[in-house]
Amino acid sequence: GADCSASAIRAGVQGIWNLPPWRGGPTPWVGAGVGWEWARQRRERLGAETRTTWSGPEGVLQAGADWRLRGRLALGPFAALALGRYSRVSLETPEDSASADIGNPAVHVWIHVGVRGSVDL
């Protein structure tokens, strides 16, 4: 009898530095960035909807290697470690809404491992 959803949105700036290519192989790269993260949760039960949003700063370190496929297209593995800290929370209910700073915020971690595709413009 309940319905819920959640999402996380991250926005910021990052820099990526391409290192010299390995002999006949991929081009390694490293990156770093800073930004802001918003995590949202929506719950609906018995006709009443509640929305909670947490937000705060984050930083990310990443690295990978790219293999040139055709011309300007490259593909390769990467890993990223992002550290964030929600500093603010807001709550909306059918009756009222409120927001406040989080008194003792904890650090959370996102670990990403995957494949990155890039186009060199």
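Because the structure is predicted, anything quoted here is derived from the model rather than measured. (Residues numbered from 1 in each chain as written. Predicted model: local features only at pLDDT ≥ 70, side-chain atom pairs only at ≥ 80, totals over all residues. Heavy atoms only, no water.)

**Q** How should the overall build of the chain be read in this particular structure?
**A** A tally of helices and strands in the chain yields zero helices and seven strands. What you see in the chain, going N to C, is helices and strands ordered as β-β-β-β-β-β-β. What you see for the chain is a C-alpha radius of gyration of 20 Å, clearly larger than the 14 Å of a compact globule of 121 residues, by over 25%. Taken along the three principal axes of its C-alpha coordinates, the chain extends 65 × 35 × 20 Å. When each of the 121 residues of the chain is scored for burial, the buried share is 25%. Across the chain, every contact between residues at least 6 apart in sequence was considered, and the portion connecting residues at least 24 apart equals 57%. As presented, the chain carries roughly 8500 Å² of accessible surface, and 58% of it is formed by carbon and sulfur atoms. Charged side chains in the chain number 13 positive and 11 negative. The centres of these two groups are separated by 12 Å. (Helix = DSSP H or I, 4+ residues; strand = E, 2+ residues; numbered from the N terminus. Rg over C-alpha atoms; globule rule 2.2 N^0.38 Å. Buried < 20%, exposed > 50% of the residue type's maximum accessible area, 1.4 Å probe, protein only. Contact = heavy atoms within 4.5 Å. Areas by Shrake-Rupley, 256 points an atom, 1.4 Å probe, with all protein chains shown as cover. Lys, Arg positive; Asp, Glu negative; His and termini not counted. Charge placed at Lys NZ, Arg CZ, Asp CG, Glu CD.)

**Q** Would you explain the environment of Pro-26 in this entry?
**A** For Pro-26, the position within the fold is in the loop between strand 1 (2-18) and strand 2 (27-45). Note on Pro-26: relative accessible area 6%, which makes it buried. For Pro-26 and Glu-95, which are 69 residues apart along the polypeptide, the C-alpha to C-alpha distance reads 57 Å. Sequence-distant contacts of Pro-26, defined by excluding residues within four places in its chain, comprise Pro-21, Ala-65, Asp-66 and Trp-67.

**Q** Teacher, can you tell me more about unusual backbone geometry here?
**A** Among all residues save glycine, negative phi is the norm, and among peptide bonds the norm is trans. The backbone of Leu-46 sits at a positive phi, close to 55°, despite the residue not being glycine. Tracing the backbone shows Leu-46 in the loop between strand 2 and strand 3 (48-70).

**Q** Can you walk me through the packing of aromatic side chains in this structure?
**A** Two measures describe an aromatic ring pair: the distance that separates the ring centres and the angle between the ring planes. What the rule picks out here adds up to zero aromatic pairs. The ring of Trp-29 carries the charged tip of Arg-116 above its face, separated from the ring centre by 4.1 Å. (Phe/Tyr/Trp six-rings, centres within 6.5 Å; stacked < 30°, edge-to-face > 60°. Lys NZ or Arg CZ within 6 Å of the ring centre and 35° of its normal.)

**Q** Mind showing me how you'd approach the pattern of salt bridges here?
**A** Where side chains of opposite charge bring their charged atoms close, a pairing between them can arise. Considering all chains together, one arrives at eight salt bridges under this definition. With a closest N to O distance of 2.8 Å, Asp-3 and Arg-42 form a salt bridge. Linking Asp-3 in strand 1 with Arg-42 in strand 2, this pair joins segments that are 39 residues apart in sequence. The salt bridge involving Glu-49 is made with Arg-51; its shortest N-O contact spans 3.1 Å. (Salt bridge = Lys/Arg side-chain N within 4 Å of Asp/Glu carboxyl O.)

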